[in-house]
Amino acid sequence: MKIIADGGSTKIDWVLYDDDTVVSRCCSEGLNPSLLSQEAIVSSLRHVVEEHPAMLCTEKIEFYGAGCTVSTSPVMADSLRTVFPSARTVVVDSDMIGAAKVLCGDEEGIACILGTGANSCLWDGKGIAMQTPALGYILGDEGSGAVLGKFFLNALYKGVLPVPMREDFEQEYGVDMTGVIEHVYRMPRANAWLASLAPFVLRHISEVKVRELVRTNFDMFIRRNILPYRRPDLPVSFVGSIAHHFQQPLSEVLTSHGLVLGTICQSPMDAFCLCRGGKETL
């Protein structure tokens, strides 16, 4: 048995498979080794195997995760070895590598992630040829769910959006402005909470000002992350929930920059499972 995982800050998509057959699949709380201690990572992983003990029999783990950099990947690998002692092989790499392999394969292309966070790379068919730094949701992550949530709250409380929308939002999420400040500045996983506002934004996409926020978010992503590659000849492909659910405005903004949309896949693991004939859930 082997495990392949796509890890984001909001959730991790786990697939247990044997050769070319998907045995089972599940999701767990997200992990970002750039934001969490090793102790917290191990604790979260232990909870996963407690819920899904069949995963303990794995011989190999491939983990492609947000925040898995040169400095943090060893921490994630050590954590996986601690929790999965039967795994003789543990491979940890960035979620960008995993996404590019799924989106582009052995062809040239521009691969992007638009989920809780955002990232992109110029893929040469074998590896990353060029990459604009993401910088995280405070300094960067244009196009992401976290930045979309930030833009939305700013517009909501600075009077850009109508008062009834603010009232609906506060009732649905059980917060007022003080609660919003608490979530963003004092509670953990602020980026994930900000991204959790995306479904509300999507339901109000027909509102002109909301649609402008969405388009501005994507426009910033393209200008600051995609145009620097200077490869308008290549298709631009995406994985991630934000790209999937907001694909119409995303496509419109891409076209306005003279770029060609490739494919959009909500999750790399969806493509992985489809190739192996199953999406079973643990």
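All of the points below concern the structure found in this document. What you are looking at is a predicted structure, and each value in this text was computed from that prediction instead of being measured. (Residues numbered from 1 in each chain as written. Predicted model: local features only at pLDDT ≥ 70, side-chain atom pairs only at ≥ 80, totals over all residues. Heavy atoms only, no water.)

1. Regarding the overall build of the protein chain
Thought 1: When helices and strands are tallied, the protein chain shows 13 helices and 10 strands.
Thought 2: Computed over C-alpha atoms, the radius of gyration of the protein chain comes to 19 Å, within 12% of the 19 Å expected from 2.2 N^0.38 for 282 residues, which places it in the range of a compact globule.
Thought 3: Dimensions of the protein chain along its principal axes, counting C-alpha atoms only, are 55 × 45 × 35 Å.
Thought 4: For the protein chain, the proportion of its 282 residues judged to be buried stands at 50%.
Thought 5: Considering only contacts in the protein chain between residues 6 or more positions apart, those separated by 24 or more positions represent 65%.
Thought 6: Accessible surface computed for the protein chain: about 13,200 Å², of which carbon and sulfur atoms make up 53%.
Thought 7: Treating the 24 positive side-chain charges of the protein chain as one cloud and the 33 negative ones as another, the clouds have centres 4 Å apart. (Helix = DSSP H or I, 4+ residues; strand = E, 2+ residues; numbered from the N terminus. Rg over C-alpha atoms; globule rule 2.2 N^0.38 Å. Buried < 20%, exposed > 50% of the residue type's maximum accessible area, 1.4 Å probe, protein only. Contact = heavy atoms within 4.5 Å. Areas by Shrake-Rupley, 256 points an atom, 1.4 Å probe, with all protein chains shown as cover. Lys, Arg positive; Asp, Glu negative; His and termini not counted. Charge placed at Lys NZ, Arg CZ, Asp CG, Glu CD.)

2. Let's talk about the nonpolar core
Thought 1: The biggest cluster of nonpolar side chains holds 41 residues, and the ones touching the most others in it are L114, F152, F169, I226, F238 and F246.
Thought 2: Contacts of F169, omitting those with residues within four sequence positions, involve F152, L153, L156, Y157, G174, V175, V180, L197 and F200.
Thought 3: C26, L45, A87 and V92 belong to the second-largest nonpolar core, a separate cluster that totals 24 residues. (Core = buried A, V, L, I, M, F, W, Y, C linked by side-chain atoms within 4.5 Å.)

3. Comments concerning helix α3 (residues 95-104)
Every α-helix winds through 3.6 residues per turn, so residues three or four apart in the chain are directed the same way.
Thought 1: Of all 10 residues that make up α3, 8 are buried, and the element is covered over most of its length.
Thought 2: Looking only at α3, the buried set comprises D95, M96, I97, G98, A99, A100, L103 and C104.
Thought 3: Phi turns positive one or two residues past the end of α3, at G105, with a value near 60°.

4. Observations regarding unusual backbone geometry
Thought 1: Within the chain, D141 stands out as a residue other than glycine whose phi angle is a positive 60°.
Thought 2: Locating D141 in the fold gives a position in the loop between α4 (136-139) and α5 (145-157).
Thought 3: Phi is positive for R230, close to 55°, though the residue is something other than glycine.
Thought 4: On the secondary structure map, R230 appears in the loop between α10 (208-226) and β9 (235-239).

5. As for the packing of α5 against helix α6 (residues 163-173)
Thought 1: Contact pair α5 / α6: the axes reach a minimum separation of 9 Å and the direction vectors enclose 125°. Taken together, the axes of α5 and α6 lie oblique to each other. Note that α5 runs across α6; the crossing there is left-handed. Contacts between α5 and α6 pair F152, L153, L156 and Y157 from the former with M165, R166, F169 and E170 from the latter.
Thought 2: Here the contact of α5 with α6 is built from residues that sort into 6 nonpolar, no polar and 2 charged. (Axes fitted to C-alpha atoms, helices over the stretch in contact; angles between N-to-C directions. Parallel < 35°, antiparallel > 145°, perpendicular 65-115°, else oblique. Left-handed = near helix turned anticlockwise from the far one by under 90°. Nonpolar A, V, L, I, M, F, W, Y, C, P; charged D, E, K, R; others polar.)

6. A look at the pairing of strand β1 (residues 2-7)
Thought 1: Burial analysis of β1 places 5 of its 6 residues in the buried class, which makes it a mostly covered element.
Thought 2: Note: β1 against strand β2 (residues 11-18), 6 bridges, orientation antiparallel. Residue pairing for β2: G7 is matched across the bridge by I12.
Thought 3: The antiparallel hairpin formed by β1 and β2 contains 3 residues in its connecting segment.
Thought 4: With 6 bridges connecting them, β1 and strand β4 (residues 60-65) associate as parallel partners. Residue I4 lies in a different strand from β4, and its bridge partner there is E62. (Pairing = 2+ DSSP bridges.)

7. Description of the side chain of D95
Thought 1: The topology assignment puts D95 in helix α3.
Thought 2: Of the buried charged residues, D95 lacks a salt bridge, with K11 as the closest side chain of opposite charge at 11 Å.
Thought 3: Beyond its immediate sequence surroundings of up to four residues, D95 is in contact with D6, G7, Y64, G65, A66 and I113. (Salt bridge = Lys/Arg side-chain N within 4 Å of Asp/Glu carboxyl O.)

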